[in-house]
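Observations on the three-dimensional arrangement
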Amino acid sequence: MSYPPWTSVSEAAALLASGHIVAIPTETVYGLAGNALDPLALAKIFAAKGRPVFDPLIVHIADINSLDNVAQDIPEAAYTLARTFWPGPLTMVLPKKPCIPDLATSGLSTVAVRLPQHPIAQDIIRQAEVPLAAPSANLFKHVSPTTAEHVADQLGSKIDGIVDGGPCSVGVESTIISFQNEIPVILRPGAITPLMIESVIGKVILKNSTSNPGEAMLSPGTMDTHYQPHIPLYYGDLPKGYVLPSNTVRLAFGNTVSNIPASLNLSETGNLTEATANLYAFMHKLDVEPNRFILVDPIPNEGLGIALNDRLKRASIKRL
Ligand code: AMP
Ligand code: MG
């Protein structure tokens, strides 16, 4: 095989149907896909990413009717959300069907399910004729890939194929909502915001997916330290008098005033959708020598900004 292993849609589907692992484009980030019903394929995903097996995977389907094949005892509110936001960047945690291997769910009795909007992702799932488990196609804890080149850089020699679908339109991982409690809980913020969800099914609880030092994790896989570039990134107020290292670069947002020149601007007009689509690509771009420190401007913590704040807090070093 030549590296990186660029692959067509039909080749990818055939590889996936025969137990191989292939990176595929979705509207959120690139996913490293494998047959969700095949424990061996799942094991290959964990191994390629270096992902701990206690961090469960999201199962991707190509049409709403397939939801009943992977989940059961589905509350009406989940169907309502599926009809409203699928296909799209929303993942729902529901009781799992017995066909879903323990490895996909880290032994939990629930499974996370999503119907992605990207037409290539849908085609691949349909042609493979199996649901696909697909965590982000990056090494564990590293910055998620929003282009096929990002995938090739991190995983090119470890996986069986990469399908290039261009840059991801959303740019951050899906919103995750759990129905395990009476009031649904948003475990991870994403492009489908709490307000959008509440306008359809009423009250939801937004879990703070970053914890304080020493606090237990709120849901498996929602780690405090995640999405980290190699070069230290800092998101937050600088302590008074703190002297930044030389070769500090600034990732700007909107028209924030600073005495450090902006290297890149997530969105000059302060548009949160544009900023989200740019976030990981700009983190990849700034994560190079001779840069020594990446400082990020504050972003309003509302709407799509909730997801941006969540990812930046987790990408940030925790103390200076
Ligand atoms: P990703 O790394 O984008 O594939 O996201 C997978 C994340 O979904 C995991 O890290 C968990 O936080 C969450 N997740 C998946 N399955 C479950 C589940 N059954 N219960 C709670 N959270 C889950
Ligand atoms: Mg990930």
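Our structure is the block above this text.
In this report, we go over the structure that sits alongside the text. Each chain carries its own residue numbering, running from 1 in the written order of its sequence. For this description, chains carry letters from A and ligands carry numbers from 1, given in the order in which they are written. Since the coordinates come from a predicted model, pLDDT governs what is reported: local features require at least 70, and pairs of side-chain atoms require 80 or more to be given and counted, while whole-chain, interface and lining totals use all residues. Hydrogens are left out, water is left out, and the side-chain values use all remaining heavy atoms of the structure.

**Some remarks on the side chain of Arg188**
Helix and strand assignments follow DSSP, with helices taken as H or I runs no shorter than four residues and strands as E runs no shorter than two, numbered in order from the N terminus. Note on placement: Arg188 falls in strand 9 (residues 185-188). Note on classification: 1.4 Å probe, protein chains only; a residue is buried when its accessible area is under 20% of the maximum for its type, exposed when over 50%, partly exposed between these limits. By the counting rule applied here, Lys and Arg register as positive and Asp and Glu as negative, while His and the ends of each chain are not counted. One side-chain nitrogen of Lys or Arg within 4 Å of one carboxyl oxygen of Asp or Glu is enough to make a salt bridge. The buried charged residue Arg188 lacks any salt bridge partner; its closest oppositely charged side chain belongs to Glu173, at an N-O distance of 5.3 Å.

**Things to note about unusual backbone geometry**
Between Trp86 and Pro87 the backbone carries a cis peptide bond, its omega angle lying at -5°. With respect to the secondary-structure elements, Pro87 resides in the loop between helix 4 (76-85) and strand 4 (90-95). Along the chain, Glu289 connects to Pro290 via a cis peptide bond; the corresponding omega equals 0°. With respect to the secondary-structure elements, Pro290 resides in the loop between helix 9 (272-286) and strand 14 (293-296).

**Observations concerning the pattern of salt bridges**
Taken as a whole, this structure holds eight salt bridges when the rule is applied. When the shortest N-O distance is used, the salt bridge between Glu27 and Arg114 registers 2.8 Å. One end of the pair, Glu27, is in the loop between strand 1 (22-24) and strand 2 (31-35); the other, Arg114, is in strand 5 (residues 110-114), with 87 residues separating them in the sequence. Both residues of the pair, Glu27 and Arg114, belong to the buried class. Among the ionic pairs, Glu173 bridges to Arg311, the shortest N-O distance being 2.9 Å. With Glu173 in the loop between strand 7 (161-162) and strand 8 (175-178) and Arg311 in helix 10 (residues 305-315), this pair connects stretches of sequence that are 138 residues apart. Three or more residues joined by partner-sharing salt bridges are found here, namely Glu173, Asp310, Arg311 and Arg314.

**Quick look at the packing of helix 1 (residues 9-17) against helix 6 (residues 119-128)**
Taken N-terminus to C-terminus, the directions of helix 1 and helix 6 make an angle of 45°; their axes are 8 Å apart at the nearest point. If you check the angle between helix 1 and helix 6, you find them oblique. Relative to helix 6, the crossing made by helix 1 is right-handed. Of the residues in helix 6, those touching helix 1 at Val9, Ser10, Ala12, Ala13, Leu16 and Ala17 are Ile120, Asp123, Ile124, Gln127 and Ala128. The class makeup of the residues in the contact of helix 1 with helix 6 is eight nonpolar, two polar and one charged. Note on definitions: angles span 0 to 180 degrees between N-to-C directions of axes, and those axes are lines fitted to C-alpha atoms, for helices only across the stretch in contact. Geometric relationships in this document are graded by angle, where less than 35 degrees denotes roughly parallel, more than 145 denotes roughly antiparallel, 65 to 115 denotes roughly perpendicular, and other angles denote oblique. By the definition used in this description, the sense in which the near helix is turned from the far one sets the handedness, with an anticlockwise turn below a right angle giving left-handed and a clockwise turn giving right-handed. By definition in these notes, contact holds between two residues if any of their heavy atoms fall within 4.5 Å. By the convention adopted, Pro, Cys, Tyr, Trp, Phe, Met, Ile, Leu, Val and Ala count as nonpolar, Lys, Arg, Asp and Glu as charged, and the other residues, Gly among them, as polar.

The values reported here are purely geometric and, on their own, carry no functional implication.
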